[in-house]
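# A closer look at the structure
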Amino acid sequence: MMTAKQGKKDLNFELNLLPVFDILSCCICFLLMTVAWIQIGSMNVNQALGAKGQAGTENAPAIWAYLNPNGQVVLNLKNAKVANWAGESILPGNASDKSISWNIVSQRIQAIHNAVPELKTALVMPTSKSGYQDIVHIMDILRQTGVADVGISPL
Amino acid sequence: MLERSYLKSQMRNWGLKNQSTLKPKGDSGKRTLMFSLTLTSLIDAFTIIVIYLLVNFGNPNQNLKVNGNIDLPQAVKNDEVGEGTVVSIKDGRYFFEDKEINLSDVTRRLVQVIQTKTGDQSLVIEADKTTDYQALSPIILAGSQAGFHQFKFAVLQSGGTR
């Protein structure tokens, strides 16, 4: 016959944490080995297909950026006017390695955007020898400035 | 009942209790060599690490697998890659969905994609940062001719420290 003391179960529950610890360690190892540390993004470009006619549409201000082979960048403002500026800036490249002087380009694009805040469209005009990094970089600068619609002209 | 609890045993074997300089409460100054590890806080930390890693495990929409020999350009302001037809350029050779094709076949293959798939199609272009635009432009032209209107240039996300 069972006495009252024998039938009384201990209510304290002790969880053995070591297996949980093992599982978590395995999870951490697996995730550390398989996680993608390099995040890939994309620079989206919408190209016009030419289906719509231009008649009747209002031409929005746009900036055309020509990438010349000697590191020179020519910025040409279309459909907008800025006081005391002819609408074209020729930005020289670095004389030493003929690369693009990105600080000058960035400052100039920012200044143009400040003068024309409604500027939302840009077209990048590379040459055949323009590097992909340079093309992406100027598109990146334009988008950082606030120019949302950036296009690229094929050769 | 509490005499046998885990908490009580932890308190009893707690190493710091003996080592208190102001009022040691241990077994009359006798220092125990037994080291009791409190696993609860360790498991808490591990759980936080696991959750952090699971959240940053990767973008489920990212379908782009970049080969080791392609060094993508970096960009600060970029978008999510998402779905799209991938065309890669490696050392002057063109790959359509990881299969090498001739440049003359690119347009035909892209037209097939446009005809078979419904909805808005985008073309993901993956190229090394040293690639000339001369090699890149035919893909843009072929995509435009096929009917793609959105082009996604694959880039590495940069933190703005360039």
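Since this is a predicted model, take the numbers as computed values, not measurements.

## A look at the overall build of chain B
- From N to C terminus, chain B includes five helices and six strands.
- Scanning chain B from its N terminus toward the C terminus, one meets helices and strands in the order α-α-α-β-β-β-β-α-β-α-β.
- Expressed as a percentage of its 162 residues, the buried residues of chain B come to 22%.
- In chain B, the share of contacts with a sequence separation of at least 24, taken over all contacts with a separation of at least 6, comes to 62%.

## Quick word on the overall build of chain A
- Helix and strand counts for chain A come out as four helices and six strands.
- In sequence order, the secondary structure elements of chain A are arranged as α-α-β-β-β-β-α-β-α-β.
- The buried share among the 155 residues of chain A stands at 25%.
- Of the contacts made within chain A by residues no fewer than 6 positions apart, 59% connect residues no fewer than 24 positions apart.

## Focus: the sheet that holds strand E6 (residues 149-152) of chain A
Residue and element names in this part refer to chain A.
- Taking strand neighbours across the sheet as the criterion, the five strands line up as E4-E3-E2-E5-E6 in an open arrangement whose pairing is mixed. Either end of the sheet is taken by a strand with one partner, and the two such strands are strand E4 (88-91) and E6. The average angle at which neighbouring strand axes cross in this sheet is 15 degrees, direction not considered.

## Here's the deal with the nonpolar core
- Ile138(A) and Ile125(B) are the most contacted members of the largest nonpolar core, which totals 50 residues.
- Counting residues per element, this core draws most heavily on helix H4 (residues 132-145) of chain A, which supplies seven residues.
- The residues touching Ile125(B), leaving out its near neighbours within four places in the chain, are Val87(B), Leu136(B), Ile139(B), Phe151(B), Lys152(B), Phe153(B) and Ala154(B).

## Describing the interface of chain B and chain A
- Across the contact, 50 residues belong to chain B and 41 residues belong to chain A.
- Tallying contributions element by element places helix H3 (residues 39-55) of chain B first for the side of chain B that touches chain A, with 10 residues.
- Pairing between strand E1 (residues 40-46) of chain A and strand E6 (residues 150-157) of chain B: seven bridges, direction antiparallel. Within the sheet, the bridge partner assigned to Val45(A) lies in E6(B) and is Phe151(B).

## Observations regarding the confidence of the model for chain A
- In this model, chain A carries an average pLDDT of 82, and 89% of its residues clear a pLDDT of 70 or more.
- The lowest-confidence element of chain A is helix H1 (residues 4-7) of chain A, averaging 58 in pLDDT; the highest-confidence one is H4(A), averaging 91.

## Points about the environment of Asp105(B)
- Within the fold, Asp105(B) resides in helix H4 (residues 103-116).
- Sequence separation between Asp105(B) and Gln74(B) is 31 residues, and the spatial gap between their C-alpha atoms is 29 Å.

Rules used throughout
- Residues numbered from 1 in each chain as written.
- Chains lettered and ligands numbered in written order.
- Predicted model: local features only at pLDDT ≥ 70, side-chain atom pairs only at ≥ 80, totals over all residues.
- Helix = DSSP H or I, 4+ residues; strand = E, 2+ residues; numbered from the N terminus.
- Buried ≥ 20, exposed ≤ 12 C-beta atoms within 10 Å, placed from the backbone.
- Contact = placed C-beta atoms within 7 Å.
- Pairing = 2+ DSSP bridges.
- Axes fitted to C-alpha atoms, helices over the stretch in contact; angles between N-to-C directions.
- Core = buried A, V, L, I, M, F, W, Y, C linked by C-beta atoms within 7 Å.
- pLDDT = per-residue confidence, 0-100.

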